[in-house]
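Analysis of the macromolecular model
In case you want the letters, here they are:
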Amino acid sequence: MATTPAAYDPVRVDAALEAPLSRWLWLVKWLLLIPHYVVLIFLWIAFMLVSVVAFFAILITERYPRPLFDFNVGVLRWTWRVSYYGYGALATDRYPPFSLGAEPDYPARLDIAYPERLSRGLVLVKWWLLAIPHYIVIGFFVGGYGAGSCGGGLVFVLTVIAAVILAFTEKYPKDLFDFIIGLNRWVLRVAAYAGLMTDTYPPFRLDMGGSEPAAGQDRGAGGRPF
């Protein structure tokens with residue numbers, strides 16, 4: 001059985017494929033999510049401003065202020081839940097909560113380990129220079145940089161294919177679900193790194209499936225280099 005490197009510890013992205021799913025609700029989810037999209041515009045403006053403040057804090061103190069860190073984790077969680085309900089996965093019909101919290105009962109979950117220290121040197125280059133190769137890759141995934149983006153990239157196309165299959169068979173293909181979650185997991189890892197929330201460089205590896213293993217656990221064939 002093939003094995004993969006240890007799990008990417010700083011960022012954990014988990015998702016559960018819910019069943020049954022409505023065969024046709026996906027056609028109007030863009031409309032139902034408009035309130036979330038409006039809120040997320042302002043949250044992402046705040047995310048960018050908080051990241052600027054965190055940049056200087058890390059440069060001076062080597063620490064990401066915990067309240068600011070928790071807020072930005074909350075923005076990524078909110079974005080991931082909206083994406084999961086919407087056209088980043090379409091894998092649940094449970095409307096996402098208006099919340100920055102962890103919401104452990106929701107089928108899409110994200111957690112980022114708080115770093116006690118961050119490198120002053122890396123903070124100067126990781127968000128623009130070191131992350132460029134990843135930006136190129138995830139730009140293909142989402143059709144433009146941004147966690148939860150649905151600008152016509154691979155994630156959006158595969159999600160719509162899954163929805164069409166669901167409409168005619170009443171089943172969401174599990175293999176396609178695993179692949180879509182792997183793509184989203186890659187995007188969210190890069191978002192955390194570019195957001196200065198970790199110094200651990202994201203792997204160029206597609207860790208598929210709804211659950212991430214513990215560090216060192218065998219993923220079977222689920223984790224594949226890009």
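Here the structure is a predicted model, which means the values were calculated and not measured. (Residues numbered from 1 in each chain as written. Predicted model: local features only at pLDDT ≥ 70, side-chain atom pairs only at ≥ 80, totals over all residues. Heavy atoms only, no water.)

**Quick notes on helix H7 (residues 154-169)**
The test is simple: In DSSP terms, a helix is any run of H or I states spanning at least four residues, a strand is any run of E spanning at least two, and both are numbered starting from the N terminus. Multiply 1.5 Å by the residue count of a helix minus one, and that product is the helix's expected span. What makes two residues a contact is simply this: any of their non-hydrogen atoms within 4.5 Å.
Given a rise of 1.5 Å per residue, 16 residues ought to cover 22 Å, and the 22 Å separating the end C-alpha atoms of H7 matches this to within 8%. On its buried face, H7 is in contact with helix H6 (132-142) and helix H8 (174-194). The first or second residue beyond H7 is Glu170, which carries a positive phi of 65 degrees.

**Thoughts on the environment of Ser119**
Formally: Residue exposure (1.4 Å probe, protein chains only): buried if accessible area is under 20% of the type maximum, exposed if over 50%, otherwise partly exposed.
Mapped onto the fold, Ser119 is located in the loop between strand E2 (108-112) and helix H4 (120-123). Using a relative accessible area of 27% as the deciding quantity, one classes Ser119 as partly exposed. Residues Ser119 and Leu59, spaced 60 residues apart in sequence, show a C-alpha to C-alpha distance of 7.9 Å.

**Quick look at the packing of aromatic side chains**
To describe a pair of aromatic rings, you give the distance between the ring centres and the angle between the ring planes. To be explicit about the condition: Two aromatic rings, drawn from Phe, Tyr or Trp (for Trp, its six-membered ring), form a pair once their centres lie within 6.5 Å of each other, and the interplanar angle then sorts them: stacked below 30 degrees, edge-to-face above 60, tilted otherwise. Two thresholds decide whether a charge sits over a ring: the Lys NZ or Arg CZ must be within 6 Å of the ring centre and within 35 degrees of the ring normal.
A complete count under the given rule lists 17 aromatic pairs for this structure. Judged by centre distance (6.0 Å) and plane angle (85 degrees), the ring pair of Trp186 and Phe204 falls under edge-to-face. Residue Trp186 is found in helix H8, and its partner Phe204 is found in the loop between H8 and strand E3 (205-207); the two are separated by 18 residues along the sequence. With a relative accessible area of 35%, Phe204 lands in the partly exposed category. Feature note: the residues Phe140, Phe141, Trp186, Tyr193, Tyr201 and Phe204 constitute an aromatic cluster, connected by ring pairs. The ring of Tyr85 has Lys29 lying over it, and the distance from NZ or CZ to the ring centre is 4.3 Å. Stacked on the ring of Tyr193, the Lys or Arg Lys126 has its end atom at 5.6 Å from the ring centre.

**A few points about the nonpolar core**
Within soluble globular proteins, side chains that are nonpolar generally end up buried alongside one another. Definition in use: Put simply, buried Ala, Val, Leu, Ile, Met, Phe, Trp, Tyr and Cys residues joined by side-chain atoms within 4.5 Å make one nonpolar core.
Counting 56 residues, the largest nonpolar core has Tyr64, Trp80, Tyr84, Leu110, Ile112 and Phe141 as the members making the most contacts within it. Those elements giving two or more residues to this core turn out to be strand E1 (11-15), helix H2 (34-61), helix H3 (66-85), E2, H6, H7 and H8. For this core, the element with the most residues is H8, which contributes 11 residues. With near-sequence residues (within four places) excluded, Leu110 lies in contact with Arg12, Val13, Val73, Leu76, Arg77, Trp80 and Leu188. Listed in part, the 5 residues of the second largest apolar core include Trp26, Tyr87, Leu90 and Ala163.

**Re unusual backbone geometry**
For the bond from Ala19 to Pro20, the omega torsion is 0 degrees, close enough to zero to count as cis. Mapped onto the elements of the fold, Pro20 is located in the loop between E1 and helix H1 (29-32). Of note in the backbone geometry, Glu170 takes a positive phi value of approximately 65 degrees without being a glycine. Tracing the backbone through its elements, the reader meets Glu170 in the loop between H7 and H8. By relative accessible area, which is 55% here, Glu170 ends up exposed.

**Looking at the packing of H6 against H8**
Our working rule: Only the contacting stretch of a helix is used when fitting its axis, a line to C-alpha atoms as for every element, and angles between N-to-C directions run 0 to 180 degrees. Angle categories: roughly parallel below 35 degrees, roughly antiparallel above 145, roughly perpendicular from 65 to 115, and oblique for all the rest. By convention the crossing between two helices is left-handed if the near helix lies anticlockwise of the far one by an angle smaller than a right angle, and right-handed if it lies clockwise. Under the scheme applied, nonpolar residues are Ala, Val, Leu, Ile, Met, Phe, Trp, Tyr, Cys and Pro; charged residues are Asp, Glu, Lys and Arg; polar residues are all the others, including Gly.
As a packed pair, H6 and H8 sit with axes 10 Å apart at the nearest point and diverge in direction by 135 degrees. Overall, the two elements H6 and H8 adopt an arrangement that is oblique. In this structure, H6 meets H8 at a crossing whose hand is left-handed. Where H6 abuts H8, its residues His134, Tyr135, Val137, Ile138, Phe141 and Val142 lie against Leu183, Trp186, Val187, Val190 and Ala194. In terms of residue class, the contact of H6 with H8 is built from 10 nonpolar, 1 polar and no charged.

**A few points about H8**
Given a rise of 1.5 Å per residue, 21 residues ought to cover 30 Å, and the 30 Å separating the end C-alpha atoms of H8 matches this to within 8%. For H8, the buried fraction is high: 18 of the 21 residues fall into the buried class. Of the residues flanking the end of H8, it is Leu196, one or two places downstream, whose phi is positive at about 70 degrees.

So yeah, pure geometry; function would need other evidence.
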